[in-house]
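What the coordinates show
Each chain, written out:
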Amino acid sequence: MQTDSIIIDKRPVIVALDFDDLSLARALVNSLSPEKCRIKVGKEMFTLFGPDWVRELVDKGFEVFLDLKFHDIPNTVAKAVKAASALGVWMVNVHASGGPDMIYAAKDAALISNTPPLLTAVTILTSMDERQFGAVYDTGGIDEKVLSLAKLAESSGADGVVCSAREAGSLRRHVDKHFCLVTPGIRPKGSAVNDQKRIMTPSEAIDAGVNYLVVGRPITQASLPASVLSEINASIVQLT
């Protein structure tokens, strides 16, 4: 059990908004409390509704994870992180495979902000299984590459990584206890797996040493989203 070595955040759940209808997104957000969760805005919603939607969420009191996974030359990524920081977001991310110079540049840009966001780096997407991984990388396996990218991110100044909960236990033995692990692919018992491959339940993930849980469709497509969120939070509280 890893929970003795880390501090379990009072709001570990990050609700992933994946809507192409702003009215539906607003209705969902209005049913949730900033005191119970954080919000993730990804590529679809940011492309459709832009920075104003992020500002709206921040104005409502939500801490926002802007999940755009920047991956470009260091100067370009630094400017993107600076722009994201100006929106008042709580967390931004980059791809760890962009390399140390890119991660350093992103962190420096974040620190310029009056309220610097956390900078996390994506290791291997949780939608990838070994077959897909092998089509991209010639050697090694997912666990080995995740560890390598996580150590690269930590040594380059990132505050944490985005990884599968299944790799969290191993990562916890190799990174500082203050280094954040953010995990998509979280599915409460009985939920549909959808397009995720390497998944865990919320309590399993926290027990493995995860700090923040990204949960999308099990909450956003529920008939009573706030109730599902409360159930997840209750299952986590039992571990503290």
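Source: prediction; values computed, not measured. (Residues numbered from 1 in each chain as written. Predicted model: local features only at pLDDT ≥ 70, side-chain atom pairs only at ≥ 80, totals over all residues. Heavy atoms only, no water.)

Bringing the UniProt feature "active site" (unreviewed entry) in the protein chain into the picture now. Under the feature "active site" (unreviewed entry), the UniProt entry names K69. If near-sequence neighbours (up to four positions away) are discounted, K69 is found in contact with K43, N93, V94, H95, V122 and L125. (UniProt positions renumbered as here; feature names shortened; annotations may be inferred. Contact = heavy atoms within 4.5 Å.)

The tally for this structure, following the rule as stated, stands at two aromatic pairs. A ring pair is formed by W90 and Y212, whose centres lie 5.0 Å apart and whose planes are at 85°; its orientation type is edge-to-face. Of this pair, W90 sits in the loop between α3 (74-86) and β4 (91-95) while Y212 sits in strand β8 (residues 212-215), and the two are 122 residues apart along the sequence. Taken as a pair, W90 and Y212 share a single burial class, namely buried. (Phe/Tyr/Trp six-rings, centres within 6.5 Å; stacked < 30°, edge-to-face > 60°. Helix = DSSP H or I, 4+ residues; strand = E, 2+ residues; numbered from the N terminus. Buried < 20%, exposed > 50% of the residue type's maximum accessible area, 1.4 Å probe, protein only.)

With that settled, the discussion passes to helix α2 (residues 43-59). Its 17 residues give α2 an end-to-end C-alpha distance of only 20 Å, which falls more than 12% under 24 Å, the value for a rise of 1.5 Å per residue. Most pronounced at F49, the bend in α2 amounts to some 110°, and the proline P51 follows within four residues. Of all the residues in α2, the buried ones are M45, G50, W53, V54, E56 and L57. Buried residues in α2 make contact with β1 (13-17), α1 (22-30), β2 (38-41) and β3 (64-70). At the C-terminal side of α2, G61 shows a positive phi close to 100°. (Expected span 1.5 Å × (residues − 1). Bend = angle between axes of the 7 residues up to and from the residue.)

Within β4, five of the five residues are buried, leaving the element largely enclosed by the surrounding structure. Neither face of β4 is open: one carries M91, N93 and H95, the other V92 and V94, and all of them are buried. Where β3 and β4 come together, three bridges link them in parallel fashion. For F70, the partnering residue across the bridge sits in β4 and is V94. Following the chain from β3 across α3 to the adjacent parallel β4, one finds a crossover that is right-handed. When β4 meets strand β5 (residues 118-122), the two strands line up parallel, connected through five bridges. When the sheet's bridge partners are listed, N93 is paired in β5 with T120. Handedness of the crossover joining β4 and β5 through helix α4 (residues 100-112): right-handed. (Pairing = 2+ DSSP bridges. Right-handed = clockwise from strand over helix to strand, strands pointing away.)

One non-glycine residue with positive phi stands out, namely K69, at about 50°. In this structure, K69 sits in strand β3. Judged by relative accessible area, which is 21%, K69 ranks as partly exposed.

Here we come to the nonpolar core. Core analysis: the largest hydrophobic core is formed by 71 residues, its most contacted members being V15, L17, V41, W53, L66 and V94. Here L66 is in contact with V41, F46, V54, A84, L87, V89, M91, V92 and N93, once residues within four sequence places are set aside. Among the nonpolar cores identified, the runner-up in size contains eleven residues, and I14, F65, W90 and C180 belong to it. (Core = buried A, V, L, I, M, F, W, Y, C linked by side-chain atoms within 4.5 Å.)

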